[in-house]
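Here is how the chains run, residue by residue.
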Amino acid sequence: MSFQFAAITAAPADPILGIRQKFLADANPRKVDLSVGVYQNEKGETPLLEVVREARQRLLTDDYQAGYLPIDGLPGYNQQVQKLLFGGDAQILEERRAVTIQSVGGTSALRYGADFLRRHYPQAKLFLSDPSWDNHRPIFERAGFEVGTYPYYEAHSGGLNFAGMLSALESMPEGSVVLLHTACHNPTGLDPHARQWQQLIELFKERRLIAFLDFAYQGFGRGLEEDAFAVRLFAEAGLCFLVASSFSKNFSLYRRRTGALTVAAADEEQAKRVLSQIKTDVRTNNSNPPVDGAAIVNLVLGDKELRSRWEGELAAMRARINQMRALLVEKLSQAGLGDRFGHIAGQTGMFSYSGLTPAQVERLEKDFGIYALSSGRICVAALNTKNLDYVTEAIVKTARQS
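This write-up is about the structure you can find in this document. Just so we're clear, the structure is a prediction, and the values are computed from it rather than from any experiment. (Residues numbered from 1 in each chain as written. Predicted model: local features only at pLDDT ≥ 70, side-chain atom pairs only at ≥ 80, totals over all residues. Heavy atoms only, no water.)

Looking at the layout of surface pockets
Vacant regions in the atomic arrangement are exposed by a probe of water-molecule size rolled over the atoms.
Okay, so step 1: Empty space within the largest pocket amounts to approximately 1,000 Å³.
Okay, so step 2: As for the largest pocket, its lining consists of 36 residues, and the residues nearest its centre are G37, V38, K249, Y254 and R257.
Okay, so step 3: Counting residues per element, the lining of the largest pocket draws most heavily on helix α5 (residues 105–120), which supplies 3 residues.
Okay, so step 4: For the lining of the largest pocket, the per-class residue count stands at 17 nonpolar, 11 polar and 8 charged. (1 Å grid on protein atoms, 1.4 Å probe; cavity = no way out; pocket = protein on both sides within 12 Å on 5 of 7 lines; lining within 4 Å. Points joined across faces, edges and corners; volume = space filled by probe spheres on them. Helix = DSSP H or I, 4+ residues; strand = E, 2+ residues; numbered from the N terminus. Nonpolar A, V, L, I, M, F, W, Y, C, P; charged D, E, K, R; others polar.)

Spelled out as structure tokens, the structure:
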């Protein structure tokens, strides 16, 4: 009896993970993977932070509780998430109008929020930046949303199309859900500046739009506090909104899938009702979250000495990325490309919309074993002093033949 699944066809390969498989199979000894979205150190390795290593050891000496966590997760962890997002003395925390649900990485935080919004605002359409993280659209479409886009990247300048973004938001129906990257936009590396965020806040008020903030890279842009600017601005404006956050990058907890969904409500009573509804979504997805990653984050953020050391390690990661970004632009310019790739210098975070065309990306892969997304997005964190000259040389040769 083999007919039951006979009609099922194979799904297309994930656009990023599929590239990774080709990279691993490549025999070129100088191959470089610029596609995968993980931080790598100078050795090309994804490091275990020393502060995380110590926190793990401390936790191993504690009495281990084998029972389930609450549906919404480890209480201390949720409190630390809110302090990191809003600041320890934020008014929103004093008023108890924020609630947090521990999630399995940032991806499930997005899905919890998508399920919640879809159930309670079934007529709303959701809008993503153009471009956005490849997984955003399927997450929201699987939740039942009709997904549209708003302008974001301006190809001819390599900059932010803020005028187009504003115009699109102004024409959206009231009650639309808009997903915004708060810092280190993936994939472009372009973020609105402070005055532009102020304009967006006013527009969200005027058009009664629902903001869903994706905050996966806190600390990888300009700093922990600086990167939280948009989140705190929304909170200070008294708006109701959602935030999906993750510790995969800034704690290097990729394998421990540690994230959170935080919702800002109008008041404490409303926040409790929202929490009760999202807990039903968690219950039908995974019932309870795992403890290990949350326990590590809770310990580090709650311990003054460990917190200071973590901030130092995070700052070192950020500085290395910034150094690689600046060196790439400098070397490409010195190689005779002038300001052709100068826009990369103004981007932030792990990623860059390099300006490479699909044909150029294909040639980099075929002739040099250098792998990137067809959009030209590269992971700057995958560059190091050992592969930078090779990558530069390959880009120069490819660009000159285009």
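Examining the pairing of strand β2 (residues 98–104)
Okay, so step 1: Taken across its 7 residues, β2 has 6 buried, putting it largely inside the fold.
Okay, so step 2: Pairing geometry for β2 and strand β10 (residues 258–264), over 7 bridges, is antiparallel. Across the sheet, V99 pairs through a bridge with V263, a residue of β10. (Buried < 20%, exposed > 50% of the residue type's maximum accessible area, 1.4 Å probe, protein only. Pairing = 2+ DSSP bridges.)

Re the pattern of salt bridges
Okay, so step 1: Considering all chains together, one arrives at 21 salt bridges under this definition.
Okay, so step 2: For E54, the salt bridge is made with R309, and the minimal N-O distance between the two is 2.8 Å. Separated by 255 residues along the polypeptide, E54 in helix α2 (residues 50–60) and R309 in helix α13 (residues 304–337) bring together distant segments of the chain.
Okay, so step 3: Its relative accessible area of 27% is what places E54 among the partly exposed residues.
Okay, so step 4: One network of salt bridges, in which partners are shared, links E54, R58, D303, E305 and R309. (Salt bridge = Lys/Arg side-chain N within 4 Å of Asp/Glu carboxyl O.)

A short note on the nonpolar core
Okay, so step 1: In this structure, F86, Y150, F234, F241 and W310 are the most contacted members of the largest nonpolar core, which totals 104 residues.
Okay, so step 2: Broken down by element, this core gets its largest block of residues, 10 residues, from α13.
Okay, so step 3: Setting aside residues up to four positions removed in sequence, F86 forms contacts with I92, L93, A98, V231, R232, A235, F241 and T262. (Core = buried A, V, L, I, M, F, W, Y, C linked by side-chain atoms within 4.5 Å. Contact = heavy atoms within 4.5 Å.)

Section: the pairing of strand β9 (residues 241–246)
Okay, so step 1: The buried fraction of β9 amounts to 6 of the 6 residues, a majority that puts the element mostly inside the structure.
Okay, so step 2: Residues F241, V243 and S245 line one face of β9 and the alternating positions L242, A244 and S246 line the opposite face, and both faces are buried.
Okay, so step 3: By the bridge criterion, 5 bridges tie strand β8 (residues 210–215) to β9 in an arrangement that is parallel. Looking at β9, one finds that A211 is bridged to F241.
Okay, so step 4: Sheet topology note: the β9/β10 ladder contains 6 bridges and is antiparallel. The partner of S245 across the bridge, within β10, is A260.

Remarks on helix α7 (residues 162–171)
Okay, so step 1: Regarding α7, the residues found buried are F162, G164, M165, L166, A168 and L169.
Okay, so step 2: Elements that come into contact with the buried residues of α7 comprise β4 (147–151), β6 (159–160), β7 (177–181) and α8 (194–207).

Notes on the packing of aromatic side chains
Note on aromatic pairs: each is described by the distance of the centres and the angle between the planes.
Okay, so step 1: Taken as a whole and judged by the stated rule, the model has 12 aromatic pairs.
Okay, so step 2: Relative to Y371, the ring of F23 lies with its centre 5.8 Å away and its plane at 85°, an arrangement referred to as edge-to-face. In this pair, F23 sits in helix α1 (residues 17–25) while Y371 sits in strand β12 (residues 370–371), placing the two residues 348 residues apart along the sequence.
Okay, so step 3: Its relative accessible area of 11% is what places F23 among the buried residues.
Okay, so step 4: Ring pairs connect the aromatic residues Y77, F247, F251 and W310, which therefore count as one cluster. (Phe/Tyr/Trp six-rings, centres within 6.5 Å; stacked < 30°, edge-to-face > 60°.)

Let's talk about the packing of α2 against α13
Okay, so step 1: α13 packs onto α2 with a crossing angle of 150° between their chain directions and a minimal axis gap of 8 Å. If you check the angle between α2 and α13, you find them roughly antiparallel. Residues E50, V51, E54 and R58 of α2 lie in contact with α13, whose contacting residues are E305, L306, R309, W310 and E313.
Okay, so step 2: A class-by-class count of the residues in the contact of α2 with α13 yields 3 nonpolar, no polar and 6 charged. (Axes fitted to C-alpha atoms, helices over the stretch in contact; angles between N-to-C directions. Parallel < 35°, antiparallel > 145°, perpendicular 65-115°, else oblique.)

Points about the sheet that holds β9
Okay, so step 1: As summarised here, the arrangement of the 7 strands in space is β2-β10-β9-β8-β7-β3-β4, forming an open sheet in which the pairing is mixed. The open sheet has two edge strands with one neighbour each: β2 and β4. When the angles between neighbouring strand axes are averaged without regard to direction, this sheet yields 25°.
Okay, so step 2: One ladder, built from 5 bridges, connects strand β3 (residues 126–130) with β4; its direction is parallel. Paired with F127 across the strands is G148, a residue of β4.
Okay, so step 3: Along the sheet, helix α11 (residues 268–285) contacts β2 and β10; its crossing angle with β2, the most-contacted strand, is approximately 15°.

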